[in-house]
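Each chain is listed here by its residues.
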Amino acid sequence: GAVVSQHPSRVICKSGTSVKIECRSLDFQATTMFWYRQFPKQSLMLMATSNEGSKATYEQGVEKDKFLINHASLTLSTLTVTSAHPEDSSFYICSAIPGRGYGEQYFGPGTRLTVT
Amino acid sequence: AQSVTQLGSHVSVSEGALVLLRCNYSSSVPPYLFWYVQYPNQGLQLLLKYTSAATLVKGINGFEAEFKKSETSFHLTKPSAHMSDAAEYFCAVSDGSSNTGKLIFGQGTTLQVKP
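Everything numeric in this text was worked out from a predicted model, so none of it was measured.

Criteria and cut-off values
Residues numbered from 1 in each chain as written. Chains lettered and ligands numbered in written order. Predicted model: local features only at pLDDT ≥ 70, side-chain atom pairs only at ≥ 80, totals over all residues. Heavy atoms only, no water. Pairing = 2+ DSSP bridges. Helix = DSSP H or I, 4+ residues; strand = E, 2+ residues; numbered from the N terminus. Axes fitted to C-alpha atoms, helices over the stretch in contact; angles between N-to-C directions. Buried < 20%, exposed > 50% of the residue type's maximum accessible area, 1.4 Å probe, protein only. Core = buried A, V, L, I, M, F, W, Y, C linked by side-chain atoms within 4.5 Å. 1 Å grid on protein atoms, 1.4 Å probe; cavity = no way out; pocket = protein on both sides within 12 Å on 5 of 7 lines; lining within 4 Å. Points joined across faces, edges and corners; volume = space filled by probe spheres on them. Nonpolar A, V, L, I, M, F, W, Y, C, P; charged D, E, K, R; others polar. Contact = heavy atoms within 4.5 Å. Salt bridge = Lys/Arg side-chain N within 4 Å of Asp/Glu carboxyl O.

A word on the sheet that holds strand S1 (residues 3–7) of chain B
Residue and element names in this part refer to chain B. The sheet built from five strands is open, its strands ordered S1-S3-S8-S7-S6 with antiparallel pairing. Where the open sheet ends on each side, the last strands, each with one partner, are S1 and strand S6 (56–58). Pairs of neighbouring strands in the sheet enclose a mean axial angle of 20°, with direction left out of account.

Given below as structure tokens:
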């Protein structure tokens, strides 16, 4: 149980275009989802907290107009990288918590974004 | 504020040897602690968690961790390393003060297993 999927697993796009990444909780409802970015050989950097039916909460330094997050249902959150640039190339990972509180996060397999 | 420190960014052991990955935490509230493993180009998989029940926590793949409040530690161990254990390991503490479900991650430890 507690499976989280991400789509696509890998995407290459041209500079200036937008890319949407989907995160789905497959066998549970997730009131809260998180979006992370991970640079090579580094830990995860939390970008934002996505709450179903409300606006996402962004971490300091993360551009909310560039990284659009929508959590339209209890099983789906999307991250859209708008007007992507090469510096946005990274590994993006989502996670979800079943219910609320202090529970463990279940992670998706990640999406490798390359902007050319 | 909560924080996590993983001592040793890189640990190398021989196959069959003891694995010890160190994690120290700082928390203003009773912590929930987690160990995750990440294989290359994949997401994180939960190994085990401490949520104020038993201080010795057993996880998957033969790993276990002991919560020691007096040492503010939550070290991860495995009696006998296997080649398939080679991966990146992250210790994390829940951000209990904010009630957001956030996790604070350590910088990670790369485990290398030599044949």
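Back to the write-up after that little detour.
Section: the pairing of strand S11 (residues 111–115) of chain A
Residues and elements named next belong to chain A. Across the two faces of S11 the burial differs, with Thr111, Leu113 and Val115 buried and Arg112 and Thr114 not buried at all. Where strand S2 (residues 10–13) lies against S11, four bridges are found, and the strand directions are parallel. In the strand pairing of S11, Arg10 is matched with Arg112. Of the pairings in the sheet, the one linking strand S9 (residues 90–98) to S11 comprises three bridges and is antiparallel in character. Among the inter-strand pairings, Ser90 is bridged to a residue of S11, identified as Leu113.

What about the nonpolar core?
Formed by 26 residues in total, the largest nonpolar core has its most connected members in Trp35, Leu48, Phe74, Leu76 and Tyr89 of chain B. Counting residues in each nonpolar core, the second largest holds 25 residues, with Ala30, Tyr58, Leu113 and Val115 of chain A among its members.

Thoughts on the layout of surface pockets
Here the largest pocket defines a volume of roughly 390 Å³. If you trace the largest pocket, you find 17 residues lining it, with Lys41 of chain A together with Gln38, Pro40, Asn41 and Glu88 of chain B closest to the centre. Counting residues per element, the ones that place at least two in the lining of the largest pocket are strand S9 (87–94) and strand S11 (109–114) of chain B. Residues of the lining of the largest pocket, tallied by class, amount to nine nonpolar, five polar and three charged.

Re the interface of chain A and chain B
The interface of chain A with chain B comprises 22 residues on the first partner and 21 residues on the second. Summed over the shared surface of chain A and chain B, the result is two salt bridges. Across the salt bridge formed by Glu104 of chain A and Lys49 of chain B, the nearest N and O atoms sit 2.8 Å from each other. Contributions of two or more residues to the side of chain A that touches chain B are made by strand S4 (30–38), strand S5 (44–51) and S9 of chain A. Among the elements that take part in the side of chain A that touches chain B, S4 of chain A stands out by supplying four residues, more than any other. Broken down by class, the residue content of the side of chain A that touches chain B amounts to ten nonpolar, nine polar and three charged.

Read these as layout, nothing more, since geometry by itself doesn't imply function.
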